[in-house]
Amino acid sequence: MSKLADILQKNESDLLSDWMNEQLAAVRRRDLMNDVDLQTQSSELLRAITQAAKNGNVTELSRSEWTPVRDRLTDISASRAKHGFSPSETATFVFSLKQPLFKRLRSDLSKDPEALFSEIWNANAMIDKLGLMTTEAYMKTKEQLIAKQAEEMLELSTPVVKLWQGIVAIPLIGTLDSNRTQVVMESLLSTIVATNSKVAIIDITGVPAVDTLVAQHLLKTITAAKLMGAECILSGIRPQIAQTIVHLGINLTEVITKASLADALALALQKTGKTVVRVDRANQKAGERKEGLDDKDVAEKKGA
Amino acid sequence: MDRIPILRMGNFLLVTIQVDMHDQLALTLQDDLTSAISKNGSRGVLIDISSLEIVDSFIGRMLANISAMARILDAQTVLVGMQPAVAITLVELGMSMPGVKTALNVEAGMELLRELVKAHHLETGDDDDSQI
């Protein structure tokens, strides 16, 4: 058993209280975690370290006797990442063990500078590795969170809505990249097939900027829909975007464009042989209307 | 050898592609269809590709060519039921098939074909308005 392991075991409770003081003196986030939880986490981790150091080498942290320490540390780090601790606050949790441990080593080994130096070196290496482990686990948790959010955004951001029998619309919101456009294209085309829609409206009111790449993606989607036998209407082009499109020299002459979704819907209704008419209130009151309430706003003109 | 059947319905020809097209099959279809149009004097061709799941640039070009050939022989062509994946593939291959008429399904395709033939005959002053 190394000197370091020996010291760890003998002074566990002293070390813990020193470590706690050190942590409280350094960054302390009472808003995120109470003292009792902190005490529990610290004491569990210290016990695991002591146990691992007793059973094995203090600098070979990848070996099996350190597994409990690694697991504990990963858990603590992950939970801190989720609670909103900063990376340095999370790393300080481990690094603040350095000073109490060095102090203990100095008082116990003051007679033997040679041993003191080598044990300090060992302790330093051990805590550095624990610190790295903490940061790594922290980053991993954050990365998982980002990946999950990106995935959710991808799913959320592409709803295809049915506006009328044979008319679907896809309101695009946010920046379009090739990944998203692929999802947009696929979901739009499969909805066209599923709902048997003749007209699809692509509304880009929520798209902040249109560059050549985005325009190319949109044109591809429109061409694909056309190949399947559906017509696309592009709507919601804002004045600035119209200017950008012309300045970039993007050719949208083949595409039907409308200023607003309402205009696009009116055109789509016209294309599917329907029209919107005003309800004649006087006639309605007189009970002359024989049609149902459902289609009081839209009278279908067959064979338009 | 495999052949894609060509069905005659009055003035129109109906082609349903239900197998994966290979190059020879496409060439045979092109031969058969052009001779069928000229033999029957057909006014319209409806090609249903709803079962076609794999296309390459050759097949894409064949479909466009068939449509162009039919037009020279005074018949309108409508391509119906293209799968989303096929449409995406063709667009990615850079084939937007500008001269080809398309429809969602056979029903919509037939309607479009009738309209096209009617409009075409009005234009050319042909008063043969026989329907299927």
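The structure under discussion appears in the preceding block.
Presented here is an overview of the structure given in this document. (Residues numbered from 1 in each chain as written. Chains lettered and ligands numbered in written order. Predicted model: local features only at pLDDT ≥ 70, side-chain atom pairs only at ≥ 80, totals over all residues.)

## Regarding the overall build of chain B
Step number 1: Counting its regular elements, chain B contains four helices and five strands.
Step number 2: Secondary structure elements of chain B, listed N to C terminal, follow the sequence β-β-α-β-α-β-α-β-α.
Step number 3: The 132 residues of chain B split such that 36% are buried.
Step number 4: Counted over contacts in chain B with a minimum sequence separation of 6, partners at least 24 positions apart contribute 78%. (Helix = DSSP H or I, 4+ residues; strand = E, 2+ residues; numbered from the N terminus. Buried ≥ 20, exposed ≤ 12 C-beta atoms within 10 Å, placed from the backbone. Contact = placed C-beta atoms within 7 Å.)

## Examining the overall build of chain A
Step number 1: Helix and strand content of chain A: twelve helices and seven strands.
Step number 2: A total of 304 residues make up chain A; the buried ones form 28% of that total.
Step number 3: For chain A, restricting intrachain contacts to residue pairs at least 6 apart in sequence, the fraction spanning at least 24 positions comes to 75%.

## Details of the packing of helix α2 (residues 12–25) of chain A against helix α6 (residues 98–108) of chain A
Residue and element names in this part refer to chain A.
Step number 1: Their axes nearest at 8 Å, the elements α2 and α6 cross at an angle of 140°. Judged on the interaxial angle alone, α6 and α2 are oblique. Here the hand of the crossing between α2 and α6 comes out right-handed. Along the contact surface, α2 presents Leu-15, Asp-18, Trp-19 and Glu-22, while α6 presents Gln-99, Pro-100, Leu-101 and Arg-104.
Step number 2: Across the contact of α2 with α6, the residue classes break down as four nonpolar, one polar and three charged. (Axes fitted to C-alpha atoms, helices over the stretch in contact; angles between N-to-C directions. Parallel < 35°, antiparallel > 145°, perpendicular 65-115°, else oblique. Left-handed = near helix turned anticlockwise from the far one by under 90°. Nonpolar A, V, L, I, M, F, W, Y, C, P; charged D, E, K, R; others polar.)

## Digging into the sheet that holds strand β2 (residues 12–16) of chain B
All names here are of chain B.
Step number 1: Judged by pairing direction, the sheet is mixed, and its five strands sit side by side in the order β1-β2-β3-β4-β5 without closing on themselves. A strand with exactly one partner marks an edge of an open sheet, and here the two such strands are β1 (6–9) and β5 (101–103). Each neighbouring strand pair of the sheet contributes to a mean axis angle of 25°, computed without reference to strand direction.
Step number 2: Relative to β2, β1 runs antiparallel, the two being bridged by four bridges. Bridge assignment links Met-9 to a residue of β2, and that residue is Phe-12.
Step number 3: Against the sheet, helix α2 (residues 57–72) makes contact with β3 (44–48) and β4 (76–80), and its axis sits at roughly 155° relative to β4, the strand it touches most. (Pairing = 2+ DSSP bridges.)

## Focus on the sheet that holds strand β3 (residues 199–206) of chain A
Within a sheet, each strand pairs with its neighbour through backbone hydrogen bonds, oriented either parallel or antiparallel.
All names here are of chain A.
Step number 1: Pairing in this open sheet of five strands is mixed, and the strands run β1-β2-β3-β4-β5 from one edge to the other. For this open sheet the edge positions go to β1 (161–164) and β5 (256–258), each flanked by a neighbour on one side alone. Ignoring which end each strand starts from, the neighbouring axes of this sheet average 30° apart.
Step number 2: Pairing of β3 with strand β4 (residues 231–235), which is carried by five bridges, proceeds in the parallel orientation. Paired with Asp-203 across the two strands is Ser-235, which belongs to β4.
Step number 3: Sitting on the sheet, helix α9 (residues 212–227) touches β3 and β4, and the angle it makes with β4 is about 150°.

## Things to note about the interface of chain A and chain B
Step number 1: The interface is formed by 15 residues belonging to chain A together with 14 residues belonging to chain B.
Step number 2: When contributions to the side of chain A that touches chain B are tallied by element, the ones reaching two or more residues are α8 (178–195) and α9 of chain A.
Step number 3: Its residues placed into classes, the side of chain A that touches chain B shows seven nonpolar, four polar and four charged.

## Examining the nonpolar core
Step number 1: With 68 residues, the main nonpolar core has Ala-200, Ala-225 and Met-228 of chain A together with Val-45 and Ala-87 of chain B as its most contacted residues.
Step number 2: In terms of residue count, α9 of chain A provides more of this core than any other element does, six residues in total.
Step number 3: Setting aside residues no more than four positions away along its own chain, Met-228 of chain A makes contact with Leu-189 and Ile-192 of chain A together with Met-82, Pro-84, Ala-87, Thr-102 and Leu-104 of chain B.
Step number 4: Of all hydrophobic cores here, the second largest spans 29 residues; its members include Ile-7, Ala-52, Leu-97 and Leu-101 of chain A. (Core = buried A, V, L, I, M, F, W, Y, C linked by C-beta atoms within 7 Å.)

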